[in-house]
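# Coordinate inspection notes
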Amino acid sequence: MAAILKTKDLTKKYGNKIVVDNLNLEIEEGEVFGLLGPNGAGKSTTMNMICGIVKPTLGEVEFMGKDFKKNRKELCRELGYIPQQLAIHGNLKAWENVELFTSLYGIKGKELTKVIDESLEYVGLLDKRGEYAKTFSGGMKRRLNIACAIGHDPKLLIFDEPTVGIDPQSRNFILERIKESNEKGATIIYTSHYMEEVEAICTRIAIMDNGKVIAIGTSEELKKMVVSDPSTITLEEVFLTLTGKKLRDI
Amino acid sequence: MIRYVIKNNIKLMGRSPINIFLYIVMPLILIAVLSSSFDDLMKKYEENETLKAGYRIEDSGTSKELIDALKDIAKDNDIELTEYETGEIGDIVKNEELSGFVVFDGDSYTVYETEEEKEAGKAIEFMIGTFYESATAAAMGADTEAVAVSAEEAFYIEPVDSTDYYGIVEVVYFGWCAIVCGASLFMNEKKYKIKNKYIVADISEPKLYLANFIPMVAVVIAGAVIAAVLSVVLFKVNWGNIWLSLLIVALSAAAATAFGLMLHSFSDNMVVTIIATFTIVWFMGFFGGSFETYMFSAQPMSLKLLSPIYHTNRALVELSSMGESRFVSSSLLFSLAIMAVCSVLAILAGTARRKVRS
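The rules we used
- Residues numbered from 1 in each chain as written.
- Chains lettered and ligands numbered in written order.
- Predicted model: local features only at pLDDT ≥ 70, side-chain atom pairs only at ≥ 80, totals over all residues.
- Heavy atoms only, no water.
- Helix = DSSP H or I, 4+ residues; strand = E, 2+ residues; numbered from the N terminus.
- Buried < 20%, exposed > 50% of the residue type's maximum accessible area, 1.4 Å probe, protein only.
- Areas by Shrake-Rupley, 256 points an atom, 1.4 Å probe, with all protein chains shown as cover.
- Contact = heavy atoms within 4.5 Å.
- Buried area = accessible area lost by both parts, 1.4 Å probe.
- Salt bridge = Lys/Arg side-chain N within 4 Å of Asp/Glu carboxyl O.
- Polar contact = N/O pair within 3.5 Å; in protein donor to acceptor, adjacent residues only side chain to side chain.
- Nonpolar A, V, L, I, M, F, W, Y, C, P; charged D, E, K, R; others polar.
- Axes fitted to C-alpha atoms, helices over the stretch in contact; angles between N-to-C directions.
- Parallel < 35°, antiparallel > 145°, perpendicular 65-115°, else oblique.
- Left-handed = near helix turned anticlockwise from the far one by under 90°.
- Phe/Tyr/Trp six-rings, centres within 6.5 Å; stacked < 30°, edge-to-face > 60°.
- Lys NZ or Arg CZ within 6 Å of the ring centre and 35° of its normal.
- pLDDT = per-residue confidence, 0-100.
- Pairing = 2+ DSSP bridges.
- Disulfide = S-S within 2.5 Å.
- Patch = residues over 30% accessible without salt bridge, like charges linked within 9 Å, V, L, I, M, F, W, Y side chains within 5 Å.
- Lys, Arg positive; Asp, Glu negative; His and termini not counted.
- Charge placed at Lys NZ, Arg CZ, Asp CG, Glu CD.

### Re the overall build of chain B
- When helices and strands are counted, chain B shows 16 helices and 4 strands.
- Expressed as a percentage of the 358 residues in chain B, the buried residues total 54%.
- As displayed, chain B offers around 15700 Å² of accessible surface, 61% of which is attributable to carbon and sulfur atoms.

### Overview of the interface of chain B and chain A
- The interface is formed by 26 residues belonging to chain B together with 37 residues belonging to chain A.
- A combined buried area of about 2800 Å² lies between chain B and chain A, and 58% of that area is made up of carbon and sulfur atoms.
- At the junction of chain B with chain A, the criterion picks out 4 salt bridges.
- One salt bridge in this structure joins Arg15(B) and Glu96(A), with 2.9 Å as the shortest N-O distance.
- Counting every contact that joins chain B to chain A gives 11 residue pairs in polar contact (both at pLDDT 80 or more).
- Mapped onto the side of chain B that touches chain A, the elements with two or more residues apiece are helix H1 (2-14), helix H9 (183-191), helix H10 (195-200) and helix H16 (327-357) of chain B.
- The dominant element in the side of chain B that touches chain A, judged by the number of residues it contributes, is H1(B), at 7 residues.
- Residues that form the side of chain B that touches chain A fall into these classes: 12 nonpolar, 4 polar and 10 charged.

### Digging into the packing of helix H12 (residues 242-267) of chain B against helix H13 (residues 270-288) of chain B
Residue and element names in this part refer to chain B.
- As a packed pair, H12 and H13 sit with axes 9 Å apart at the nearest point and diverge in direction by 140 degrees. Overall, the two elements H12 and H13 adopt an arrangement that is oblique. Crossing geometry of H12 relative to H13 is assigned as right-handed. Here Phe 259, Gly 260, Leu 263, His 264 and Ser 267 of H12 lie close against H13, whose contacting residues are Met 270, Val 272, Thr 273, Ala 276, Thr 277 and Ile 280.

### Here we look at the packing of aromatic side chains
- In the structure shown here, the tally under the stated rule is 18 aromatic pairs over all chains.
- Ring centres of Phe63(A) and Phe68(A) lie 6.0 Å apart, and the angle between their planes is 80 degrees; on these two criteria the pair is classed as edge-to-face. For the pair formed by Phe63(A) and Phe68(A), the shared burial category is buried.
- Arranged with centres 5.7 Å apart and planes meeting at 90 degrees, the rings of Tyr310(B) and Phe327(B) form a pair that is edge-to-face. Of the two residues, Tyr310(B) sits in helix H15 (residues 308-322) while Phe327(B) sits in helix H16, which places them 17 residues apart along the sequence.
- Through a chain of ring-to-ring contacts, three or more aromatic side chains come together here, namely Tyr173(B), Phe174(B), Trp282(B), Phe283(B), Phe286(B), Phe287(B) and Phe291(B).
- Geometry around Phe173(A) places Arg143(A) over its ring, the cationic atom sitting 5.0 Å from the centre.
- Taking NZ or CZ as reference, Arg177(A) lies 5.5 Å from the ring centre of Tyr122(A), over its face.

### Comments concerning the confidence of the model for chain A
- This prediction gives chain A a mean pLDDT of 90; 98% of its residues lie at or above 70.
- Of all helices and strands in chain A, the one with the weakest mean pLDDT is helix H9 (residues 235-243) of chain A (84), whereas helix H3 (residues 94-102) of chain A scores best (96).

### As for the environment of Asp127(A)
- Assignment of secondary structure puts Asp127(A) in the loop between helix H4 (109-122) and helix H5 (138-150).
- Along the backbone, Asp127(A) and Ala94(A) are 33 residues apart, and their C-alpha atoms lie at a distance of 9.9 Å.

### Quick word on the sheet that holds strand S9 (residues 204-209) of chain A
All names here are of chain A.
- Pairing in this open sheet of 6 strands is mixed, and the strands run S6-S7-S8-S3-S9-S10 from one edge to the other. Sheet topology places strand S6 (79-82) and strand S10 (212-217) at the edges, where each strand pairs with a single neighbour. Along the sheet, successive strands turn relative to each other by an average axial angle of 15 degrees, direction set aside.
- Its contacts with the sheet place H5 against S6 and strand S7 (156-160), and it is angled at close to 165 degrees to S6.
- The strands touched by H9 are strand S3 (32-36), S9 and S10; relative to S9, the strand with the most contacts, the crossing angle is about 30 degrees.

### Observations regarding unusual backbone geometry
- Its identity as a non-glycine residue notwithstanding, Glu97(B) has a phi of 55 degrees, on the positive side.
- In this fold, Glu97(B) is placed in the loop between helix H5 (89-96) and strand S3 (100-105).

### Focus: the pairing of S7(A)
Residues and elements named next belong to chain A.
- Within S7, 5 of the 5 residues are buried, leaving the element largely enclosed by the surrounding structure.
- Of the two faces of S7, the one holding Leu 156, Ile 158 and Asp 160 and the one holding Leu 157 and Phe 159 are both buried throughout.
- Pairing between S6 and S7: 4 bridges, direction parallel. Across the sheet, residue Tyr 81 finds its bridge partner in S7, namely Ile 158.
- Here S7 pairs with strand S8 (residues 187-191) via 5 bridges, running parallel. Bridge pairing in S8 places Leu 157 opposite Ile 188.

### Comments concerning the state of the cysteines
- Considering all chains together, one arrives at 0 disulfides over all chains under this definition.
- Free of any disulfide, Cys51(A) has its nearest neighbouring cysteine sulfur in Cys76(A), separated by 11 Å.
- Residue Cys51(A) is classed as buried on the basis of its relative accessible area of 0%.
- Not part of a disulfide, Cys181(B) finds its nearest cysteine sulfur in Cys177(B), a span of 11 Å.
- Of the residues examined, Cys181(B) reaches a relative accessible area of 2% and is grouped as buried.

### What to know about a negative patch on the surface
All names here are of chain B.
- Together, Glu 58, Asp 59, Asp 105 and Asp 107 make up a region of like negative charge exposed at the surface.
- Within the secondary structure, Glu 58 is located in the loop between strand S1 (51-57) and helix H4 (62-76).
- Accessibility expressed as a relative area gives 46% for Glu 58, which makes it partly exposed.

### Looking at a nonpolar patch on the surface
Residue and element names in this part refer to chain B.
- On the surface, Val 225, Val 229, Val 232, Val 233, Leu 234, Ile 242, Trp 243 and Leu 246 cluster together into a nonpolar patch covering about 770 Å² of accessible area.
- Among the elements of the structure, helix H11 (205-235) and H12 are those that each provide at least two residues to the nonpolar patch.
- Mapped onto the fold, Trp 243 is located in helix H12.

### Focus: the environment of Leu75(A)
- Among the structural elements, Leu75(A) can be located in helix H2 (residues 72-75).
- C-alpha separation for the pair Leu75(A) and Phe63(A), spaced 12 residues apart in sequence, amounts to 7.5 Å.

### A few points about the sheet that holds strand S2 (residues 79-83) of chain B
All names here are of chain B.
- Here 4 strands make up an open sheet; going across it, the order is S2-S1-S3-S4 and the pairing mixed. Each end of this open sheet is capped by a strand with a single partner; those strands are S2 and strand S4 (108-113). The mean angle between the axes of side-by-side strands here comes to 25 degrees, regardless of whether they run parallel or antiparallel.
- Bridging between S1 and S2 involves 5 bridges; their strand directions are parallel. Pairing of Tyr 55 across the sheet is with Glu 83, part of S2.

Right under this line is the structure:
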């Protein structure tokens, strides 16, 4: 498989503090790539640099074989970003939220109407299309947040902790949809603090700490880095072994 | 495709009860309150009665040289000034049934008002204040003829009903609070980092600006039009030349929106933006006749002319009362200039902020 996304010496400094340190990642087309790390490890900054929200201090992002910075106009249509925050308007109806954010990628008219219904159906909210987002539960808002980012059918979907604070049913629904998107051909980058989720859906996992990737591989490979028999250890134990048990946000 | 962003932003702003209250209900409340409060003052003028006032010159300062010019100007404006060299001022006012009394002392003057005719006292004070301002402009009275001409121009007062006056100026004033219209939208966008989605989709800063500017102007104008229609229905406010008045109000709202967006772009904080906007707009309204009628306020004309609200108010009030106004062009130009300058600055500040955050 060819790499759909490459980061080359990607670095971000805020003053003297290095948040992301010479990051070199290669994400292959069609994979579900998990990015793990304790708070402050540099995951969100990495995601934001990949999406173009934050400009790198050094290094570059290559997306679909092209320099993302130089070809943003063309390439942004192939990128879907599902932020951790519920980036929706409570005073807009479900379909209006999807219309607003999908239209940003140049989709209009009848095609837009079709895409709105497809996106809402995909996240199980078609029957709620005319209801205001502010009346939705946490899980429904999370699903709507996803619907707003997938309408333009991007090749790369970036999920930044999409299952925070929702019930197991909604979480399961979202994970199923992510798997389905992957099966249809989308490449996924996924961050979460829920290790079992990452283990369940990711084909490859990178663990970041202090701005650097300290381990990368499949779940099995990561476990073998710590113990010889992977069945005797969980991914969470691997994570704690590699990153330490010291609290990070005190 | 910012047309869908514009469409949905209009929905977001239009669905806000705060906006309905601010742009439709509040102007109507203030029209009712202020027009009844200033009714006597405006009626006094409308009735066109000649006011009788006394004066005394305490020494031979500038006032003595200018008194004849001042009396002429006063006469042109239906104020009869009579000199009383001696006697207790209170007794003179009472016995001669005067509306006020002016004591000139050197280069200063004091206006005495009666409790019963406070409005008349204000009119006299305004007339003298305007005269002295013009006199200062004409090199401290060196050319009394020039003083007479400029004073006459400066304080010509059109016969306007208080309801018409406040019916017009309050709609303009609340139009200047346009930034409130987008407040909840901007706060939501900031709280949930919605702007990041626009950045990911590569929406440029000028497009983003338009996606906010157009809906805000549309909603504020819609609110102003509804308030104006209700002012006609409820208070029988006369708007004069409707289409020209609408153009003036629309451009004023557009200027106000650009001004508010610029402040928001600079501060990136809605609370700071609203406090700054309300403070600046209050001063513009204070000098522009939004509270006290501009005809009778004793503020210096130079400050009034700096207020865009003054130009807009004066143009609309004169269109209503006289059918024409030489302030129409200055009002439109002022609004266009503010809109252009503030829009450019807002876009530049937004672009700079994008660079800084990265």
